[in-house]
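Report on the structure
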Amino acid sequence: MPRLSRAVALIGVLLLATPAFAQRLRLVADAWPPFTDSTLVNGGLATDIVTTALARAGYASDFEQVPWARALMGVGDGRYDVLVNAWYDEARTHLGQFSGEYLLNRVRLIKRRDDPIEFQDLEQLHDYPIAVVRGYAYSAAFDGDVQLQKVPVHNFAMAVRMLAAQRVRLTVEDEYVARYYLSRESARVRNAVEFLPKPLSENSLHILVSLKNPEHAQIVASFDREIARMKADGSYARLMKAHGM
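Here is what the cut-offs are and how they apply
- Residues numbered from 1 in each chain as written.
- Predicted model: local features only at pLDDT ≥ 70, side-chain atom pairs only at ≥ 80, totals over all residues.
- Heavy atoms only, no water.
- UniProt positions renumbered as here; feature names shortened; annotations may be inferred.
- Core = buried A, V, L, I, M, F, W, Y, C linked by side-chain atoms within 4.5 Å.
- Buried < 20%, exposed > 50% of the residue type's maximum accessible area, 1.4 Å probe, protein only.
- Helix = DSSP H or I, 4+ residues; strand = E, 2+ residues; numbered from the N terminus.
- Domains from an automatic or database assignment.
- Contact = heavy atoms within 4.5 Å.
- Axes fitted to C-alpha atoms, helices over the stretch in contact; angles between N-to-C directions.
- Parallel < 35°, antiparallel > 145°, perpendicular 65-115°, else oblique.
- Left-handed = near helix turned anticlockwise from the far one by under 90°.
- Nonpolar A, V, L, I, M, F, W, Y, C, P; charged D, E, K, R; others polar.

Looking at an unreviewed UniProt entry, one finds the protein named Polar amino acid transport system substrate-binding protein, with Pseudomonas grimontii as its source organism. Looking at the Sequence similarities (unreviewed entry) heading of the UniProt record, one finds this comment for the protein: "Belongs to the bacterial solute-binding protein 3 family."

As structure tokens, this is what we get:
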């Protein structure tokens, strides 16, 4: 076989063996530090884990940060391939395919320090206005309880300031996210609020791959495989440590 023909054949074999290199994935997330934020190192912990796992699977990627509702809509209509930071919600399965769990979020309720609210079950919260971020899923029971007085807001910073100003009685957020934002609030806001002891839920974090991408099942399988390998070889733990977790 002539040398040029052999080179062409070799390139063809390599391309067939690694089809993922042919696709550059469009990743999206909202600003949700310390997990996803373009101002943080490598886009935050979740972005770093996801891009690393996808790169190990052979996928190059570009990342865009947009508001949550736009990110979710963009995955649904195929404008983006991968939503980096999705909690499982049945309705979202019509938009994309979920990966396995790659992080765990502990969701907690927050009240004013001087407010004698107690929480053991959701029924105790029915009388209280609760600030929630528009479009977020917190837990199946919480999200589906129509007797809860949910007050939609744009982000947690707005929610906690409303709480401190006594415009709502409660808000809710992942514990690490809440602590990140509270550390950047004024002392007046930060010292006015506290976590309720009992967590609302523990939610697994996933990527959501758009059903509009014809390779969505392959992308999810490759991602899950590499997450397992990262945990086995220690690279997952090193990323967690690098982000202060």
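After presenting the structure, the write-up continues.
Judged by nonpolar contacts, the single largest core of 76 residues is most densely connected at I49, L83, Y102, L103, L125, Y138 and F142. Ranked by residue count, the leading element in this core is strand β9 (residues 193–210), at 8 residues. Summarising the domain contributions, this core has at least three residues from each of domain 1 (23–103 + 203–243) and domain 2 (105–200). Every residue in contact with L125, bar those within four places of it in the chain, is listed here: L109, I117, E118, F119, I130, L148 and L170.

This part is about the packing of helix α2 (residues 45–56) against helix α9 (residues 235–242). Packing of α2 against α9 brings their axes to within 10 Å, and their N-to-C directions diverge by 155 degrees. Taken together, the axes of α2 and α9 are roughly antiparallel relative to one another. At the point where α2 passes α9, the crossing takes the right-handed sense. Packed against α2, whose contacting residues are L45, D48, I49, T52 and R56, the element α9 presents S235, Y236, L239 and M240 at the interface. Split by residue class, the contact of α2 with α9 holds 5 nonpolar, 2 polar and 2 charged.

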